[in-house]
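Letter by letter, the chains look like this.
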Amino acid sequence: MLLAALAACGTFVCERAASESGIALHHVSVTSAADFDPRAVCGEPYPAHLQAVRVRLVLEGPNEQQRDQLALAFQTRCPLYSTLARAAPVTLEVTARA
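Small disclaimer: the values here were computed from a predicted structure and weren't measured.

One can find D37 in the loop between β1 (27–35) and β2 (52–60). Beyond its immediate stretch of four places on either side in the chain, D37 contacts Y46, P47 and Q51.

This is how it looks when you write it as structure tokens:
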């Protein structure tokens, strides 16, 4: 649920930032995944925190500069991204399609 919330927040932030900046954003897709040791969930003595988070933004419409602007908005305006980035390494992959 945490990763789904991160993706939903990323979608909202990108759409909002694009609207505010006049960027033509035809479609946005955000997916997220994380690495963790499932043994902790089963009650074994292993750390239960996320070891790494991966986020992929696919933006249709913006040029390269606008893509970077929307990625920065996501990184600075999404409270879930900001919180997770303080707890574990987050890899952000951004792809723009015309």
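What follows is about helix α2 (residues 64–77). Taking 1.5 Å per residue, 14 residues should reach 20 Å; α2 reaches 20 Å between its end C-alpha atoms and fits that length. Turning to α2, its buried residues are R67, L70, A71, A73 and F74. An end-on view of α2 places all buried positions within 155° of arc, on one side of the element. Facing away from the buried side of α2, by more than 90 degrees, are the exposed residues Q65, L72 and T76. In this structure, the buried side of α2 is in contact with α1 (2–21), β2, α3 (79–87) and β3 (90–97). The N-cap residue of α2 is N63: its side-chain oxygen and the backbone nitrogen of Q65 are 3.1 Å apart.

Another point: the packing of aromatic side chains. Tallied over the entire structure, the rule returns one aromatic pair. The ring of Y46 is capped by R39, whose NZ or CZ atom sits 3.6 Å from the centre of that ring.

On inspection of all chains with the given rule, the structure shows eight salt bridges. The shortest N-O distance in the salt bridge between R56 and E93 comes to 3.0 Å. Highlighted residues: R56 in strand β2 and E93 in strand β3, separated in sequence by 37 residues. In this structure R56 comes out as partly exposed when scored by relative accessible area, which is 32%. For E93, a relative accessible area of 41% gives the class partly exposed. One network of salt bridges, in which partners are shared, links R16, E20 and R77.

In space, the three strands of this open sheet follow the order β1-β2-β3, with mixed pairing throughout. With partners counted over all chains shown, the strands left at the sheet margins are β1 and β3, one partner each. Sheet twist, expressed as the mean angle between neighbouring strand axes with direction ignored, is 10°. Sheet analysis places β1 next to β2, joined by nine bridges and oriented antiparallel. Residue pairing in the sheet places V30 in a bridge with L57 of β2.

Take the pairing of β2 next. Bridging between β2 and β3 involves eight bridges; their strand directions are parallel. Paired with L59 across the bridge in β3 is A96.

Thresholds applied
Residues numbered from 1 in each chain as written. Predicted model: local features only at pLDDT ≥ 70, side-chain atom pairs only at ≥ 80, totals over all residues. Heavy atoms only, no water. Helix = DSSP H or I, 4+ residues; strand = E, 2+ residues; numbered from the N terminus. Contact = heavy atoms within 4.5 Å. Expected span 1.5 Å × (residues − 1). Buried < 20%, exposed > 50% of the residue type's maximum accessible area, 1.4 Å probe, protein only. Arc of directions from axis to C-beta. Polar contact = N/O pair within 3.5 Å; in protein donor to acceptor, adjacent residues only side chain to side chain. Phe/Tyr/Trp six-rings, centres within 6.5 Å; stacked < 30°, edge-to-face > 60°. Lys NZ or Arg CZ within 6 Å of the ring centre and 35° of its normal. Salt bridge = Lys/Arg side-chain N within 4 Å of Asp/Glu carboxyl O. Pairing = 2+ DSSP bridges. Axes fitted to C-alpha atoms, helices over the stretch in contact; angles between N-to-C directions.

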